[in-house]
Amino acid sequence: MVVILKNNATDDQINGVISQLEKYGFQVNVSKGIQKTIIGAIGVKPDFDTRKIRILDGVSDVYRVTAPFKLASREFNEDNTVINIKGVEIGGDSVAIMAGPCSIESEDQIYRMAEIVAKSGAKILRGGAFKPRSSPYSFQGLGEEGLKYIKAAADEFGLLVITEVMQISQIETIYPYTDIFQVGARNMQNFALIKELGNVDKAIMLKRGLSATIEEWLMSAEYMLASGNKDIMLCERGIRTFETYTRNTFDLSAIPVVHKKSHLPVVADPSHATGIRDQVPPMARASIAAGADALMIEIHDDPANAFSDGPQALLPDTYLQLIEELKVIATAIGRKIN
Ligand code: PEP
Ligand code: MN
């Protein structure tokens, strides 16, 4: 941590800051210039609240130089984490594709979608059975009945399943049907839920919160890593900004930023990030170019009548065409799709 003193800080104030830092267990290094005094406080304290120093008399600014997350950091683990789920890798040389409808709507619908997903060569089928809807009057998902349908469809076509868990009580219900638990954007800081998922022996995809900084997102991953689950992937799904022409603003740069800060795989979700069908393929292509380790794409064969997120669902043909384009982009950066 670096503490910058005000230009007019008195010796008493400077000494006061030094003794507080020492009291908190930091080793202190003082650099006195003609105008400014800067104090370097050395000591690894990831949970130290810098406001304790910021409020002291004579202090102008405080900067943290080490990140508050440890297990999620690139320093902790220099090599990329590669998650292997029944032979499907996420975070390795290949880019994994997760595709399927927003909601599981019926046995027949998820079966038809699974067929398309398998045809594209993708290995992971998505579909929500417990839906975090903005309105209590919207379709809330088929629950366990839907989980049975998605598992059966995935098994039929040799696919893995990813589905969302919204609360602790659903973990046990979902467990036998899924390979990856999805934590939705609205639950990224549901610490009770994510702590519990840290004890689960299945992979977790943690979506970025609607208004979460990258650091807050990584801190949520840290919770699960600290509880013992190492198979954590992060999913950029767009953040809330002042822009209204898209549903969310896709933070493409989060992909290289997370790769630099963390060893965890990054999934891009251009469907929720844009919310508009014709914006999904360009952002999917950009995600691969930016280094995403996996993509999550929503598809539907009758989007006008979809139970949720129809406007962002790709039609099967558009989706199949997109996958072919993604293969070319992946090759250009030395990767493969699937
Ligand atoms: C979803 O994946 O269907 C979903 C609800 O995502 P998010 O949490 O990113 O809104
Ligand atoms: Mn959706």
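Figured I'd write up the structure that's included with this text. (Residues numbered from 1 in each chain as written. Chains lettered and ligands numbered in written order. Predicted model: local features only at pLDDT ≥ 70, side-chain atom pairs only at ≥ 80, totals over all residues. Heavy atoms only, no water.)

1. Description of the packing of aromatic side chains
- Summed over the entire model, instances satisfying the criterion amount to six aromatic pairs.
- An angle of 25° between the planes, with centres 4.7 Å apart, marks the rings of Phe191 and Tyr223 as stacked. Pair noted here: Phe191 is in helix α6 (residues 191-197) and Tyr223 is in helix α7 (residues 214-227), with a separation of 32 residues, a long-range link.
- Using a relative accessible area of 31% as the deciding quantity, one classes Phe191 as partly exposed.
- Looking at Tyr223, the relative accessible area reads 31%, which means it is partly exposed.
- Geometry around Tyr175 places Lys202 over its ring, the cationic atom sitting 4.2 Å from the centre. (Phe/Tyr/Trp six-rings, centres within 6.5 Å; stacked < 30°, edge-to-face > 60°. Helix = DSSP H or I, 4+ residues; strand = E, 2+ residues; numbered from the N terminus. Buried < 20%, exposed > 50% of the residue type's maximum accessible area, 1.4 Å probe, protein only. Lys NZ or Arg CZ within 6 Å of the ring centre and 35° of its normal.)

2. Considering the pairing of strand β7 (residues 94-100)
- Along β7, seven of the seven residues are buried, which leaves the element largely enclosed by surrounding structure.
- Alternating residues of β7 divide into Ser94, Ala96, Met98 and Gly100 and Val95, Ile97 and Ala99, and every residue in both groups is buried.
- Examined bridge by bridge, β7 and strand β15 (residues 336-337) share two bridges and lie parallel to one another. When the bridges of β15 are listed, Val95 appears paired with Ile337.
- Relative to strand β8 (residues 124-126), β7 runs parallel, the two being bridged by two bridges. Bridging from a neighbouring strand, Met98 pairs with Ile124 of β8.
- In this view, the connection linking β7 to its parallel neighbour β8 by way of helix α3 (residues 107-119) has right-handed handedness. (Pairing = 2+ DSSP bridges. Right-handed = clockwise from strand over helix to strand, strands pointing away.)

3. Let's talk about the coordination of the manganese ion (ligand 2)
- For the manganese ion (ligand 2), the full set of protein donor atoms is Cys102 (SG), His272 (NE2), Glu298 (OE) and Asp309 (OD), and the range of their distances to it is 2.0 to 2.3 Å.
- Each donor residue of the manganese ion (ligand 2) lies on one chain, and together they are spaced C-x169-H-x25-E-x10-D. Of this pair, Cys102 sits in the loop between β7 and α3 while His272 sits in helix α9 (residues 270-274), placing them 170 residues apart in sequence.
- Residue class for Cys102 comes out buried when judged on its relative accessible area of 5%. (Donors = N, O, S within 2.8 Å, 3.2 Å for Na, K, Ca; no water.)

4. A look at the environment of Ile124
- Inspection of the secondary structure assignment puts Ile124 in strand β8.
- With a relative accessible area of 0%, Ile124 lands in the buried category.
- Here the alpha-carbon distance between Ile124 and Ile232, two residues 108 residues apart in the chain, equals 16 Å.
- Other than its neighbours up to four places away in sequence, Ile124 contacts Val88, Ile90, Ala96, Ile97, Met98, Ala99, Val117, Leu159, Leu160, Val161, Ile162 and Ile180. (Contact = heavy atoms within 4.5 Å.)

5. Regarding empty space enclosed by the protein
- According to the stated counting rule, one finds one cavity of 30 Å³ or more in the structure shown.
- Taken as a whole, the largest cavity spans an internal volume of roughly 40 Å³.
- Around the largest cavity, the lining residues are Arg126, Gly127, Gly128, Phe130, Lys131, Ile162, Thr163, Glu164 and Gln182.
- Residue classes in the lining of the largest cavity are distributed as two nonpolar, four polar and three charged. (1 Å grid on protein atoms, 1.4 Å probe; cavity = no way out; pocket = protein on both sides within 12 Å on 5 of 7 lines; lining within 4 Å. Points joined across faces, edges and corners; volume = space filled by probe spheres on them. Nonpolar A, V, L, I, M, F, W, Y, C, P; charged D, E, K, R; others polar.)

6. Digging into the packing of helix α10 (residues 280-290) against helix α11 (residues 316-332)
- Where α10 meets α11, the axes come as close as 9 Å, and the angle between the chain directions of the two elements is 25°. For the element pair α10 / α11, the angle class is roughly parallel. Crossing geometry of α10 relative to α11 is assigned as right-handed. Residue-level contacts link Pro281, Ala284, Arg285, Ile288 and Ala289 of α10 to Thr318, Leu322, Glu325, Leu326, Ile329 and Ala330 of α11.
- By residue class, the composition of the contact of α10 with α11 is eight nonpolar, one polar and two charged. (Axes fitted to C-alpha atoms, helices over the stretch in contact; angles between N-to-C directions. Parallel < 35°, antiparallel > 145°, perpendicular 65-115°, else oblique. Left-handed = near helix turned anticlockwise from the far one by under 90°.)

7. Regarding the packing of α3 against α11
- At a minimum axis distance of 10 Å, the contact between α3 and α11 shows a crossing angle of 20°. Here α3 is positioned roughly parallel relative to α11, judged by the angle of their axes. The way α3 lies across α11 gives a crossing that is right-handed. Between α3, through Ile116, Val117 and Lys119, and α11, the contact on the second element is made entirely by Pro316, Tyr319 and Leu320.
- A per-class count over the contact of α3 with α11 returns five nonpolar, no polar and one charged.

8. Re the site of ligand 1
- Close contacts around ligand 1 come from 13 residues, with Arg126, Gln182, Ala185, Lys207 and Arg237 the closest.
- Within the side chain of Arg237, a nitrogen or oxygen atom sits 2.6 Å from an oxygen atom of ligand 1.
- Measuring from an oxygen atom of ligand 1, one finds a side-chain N or O atom of His272 at 3.0 Å.
- Out of a free accessible area of 300 Å², ligand 1 has 97% covered by protein chains.
- A class-by-class count of the residues in the shell around ligand 1 yields three nonpolar, three polar and seven charged. (Near = heavy atom within 4 Å. Polar contact = N/O pair within 3.5 Å; in protein donor to acceptor, adjacent residues only side chain to side chain. Areas by Shrake-Rupley, 256 points an atom, 1.4 Å probe, with all protein chains shown as cover.)

9. Here we look at the side chain of His263
- Locating His263 in the fold gives a position in the loop between α8 (254-261) and β13 (266-268).
- Judged by relative accessible area, His263 falls into the buried class, the value being 4%.

10. Brief notes about the nonpolar core
- Ile97, Leu125, Leu197, Leu206, Leu295, Tyr319 and Leu326 are the most contacted members of the largest nonpolar core, which totals 67 residues.
- Each residue touching Ile97, except ones within four places of it in the same chain, is listed here: Ala122, Lys123, Ile124, Leu295, Tyr319, Ile323, Leu326, Ile337 and Asn338.
- Grouped together as the second largest cluster of nonpolar side chains are 17 residues, Ile83, Ile85, Ile90 and Ile180 included. (Core = buried A, V, L, I, M, F, W, Y, C linked by side-chain atoms within 4.5 Å.)

None of this, on its own, says anything about what the molecule does.
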